[in-house]
Amino acid sequence: MNNRKQGNDFEKLAADFLEKNGMQIIQMNFYCKMGEVDIIAKDGSYLVFVEVKYRKSASKGNAASAVTFPKMRKISRVADYYMYSHKYGGNTSVRFDVIAIEEGHLTHYKNAFEYIPVC
């Protein structure tokens, strides 16, 4: 199985989990010139940008720790562009979540990191 197909399968698993827990999936795999976000969802009044990370085992570090500062900054830039291009106002409540899938277990980290400003 190629990595992109496997990634899509785990992102679908994560999206199904979020829907079962009351979130509305708005878009999967949003791409722009700044990068990509795996899942964009609504959770009540929050617009949620979700990064999905998979690790077969913890031998190369846990999945959640793979969301590094540069990755957080990139997701923040993609969120800026998404909100601008879809006409969300500056008062929109935004949250950044991580779903870690490792060794058959899925863990949802709500508000996993704060928005990282441009400067």
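Refer to the structure above for everything that follows.
In this text, all values refer to a predicted model and were calculated from it rather than measured experimentally.

Criteria and thresholds
- Residues numbered from 1 in each chain as written.
- Predicted model: local features only at pLDDT ≥ 70, side-chain atom pairs only at ≥ 80, totals over all residues.
- Heavy atoms only, no water.
- Helix = DSSP H or I, 4+ residues; strand = E, 2+ residues; numbered from the N terminus.
- Rg over C-alpha atoms; globule rule 2.2 N^0.38 Å.
- Buried < 20%, exposed > 50% of the residue type's maximum accessible area, 1.4 Å probe, protein only.
- Contact = heavy atoms within 4.5 Å.
- Areas by Shrake-Rupley, 256 points an atom, 1.4 Å probe, with all protein chains shown as cover.
- Salt bridge = Lys/Arg side-chain N within 4 Å of Asp/Glu carboxyl O.

**Remarks on the overall build of the protein**
Along the protein, the regular secondary structure elements total two helices and five strands. Mapped from its N terminus to its C terminus, the protein presents α and β elements in the order α-β-β-β-α-β-β. For a compact globule of 119 residues, the expected C-alpha radius of gyration is about 14 Å, and the protein comes in at 14 Å, within 12% of that figure. Overall, the protein is about 40 × 35 × 25 Å in size when its C-alpha atoms are taken along their principal axes. Sorting the 119 residues of the protein into buried and exposed places 40% on the buried side. Of all intrachain contacts in the protein linking residues separated by at least 6 positions in sequence, the fraction that spans at least 24 positions is 55%. Accessible surface for the protein amounts to roughly 7,000 Å². Of this, 51% is attributable to carbon and sulfur atoms.

**Here we look at the pattern of salt bridges**
Tallying each qualifying case throughout the model produces six salt bridges. One salt bridge connects Arg 95 with Asp 43, and the closest N-O pair in it is separated by 3.0 Å. Here the residue Arg 95 occupies a position in strand S4 (residues 93-102), and Asp 43 occupies one in strand S2 (residues 35-43), the gap between them amounting to 52 residues. For Asp 43, a relative accessible area of 18% puts it in the buried group. The salt bridge partner of Arg 77 is Asp 80, with a shortest N-O separation of 2.9 Å. Of this pair, Arg 77 and Asp 80 both sit in helix H2 (residues 69-85), three residues apart, which is roughly one turn of that helix. Looking at Asp 80, the relative accessible area reads 29%, which means it is partly exposed. Through salt bridges with shared partners, one network takes in Asp 43, Arg 95 and Asp 97.

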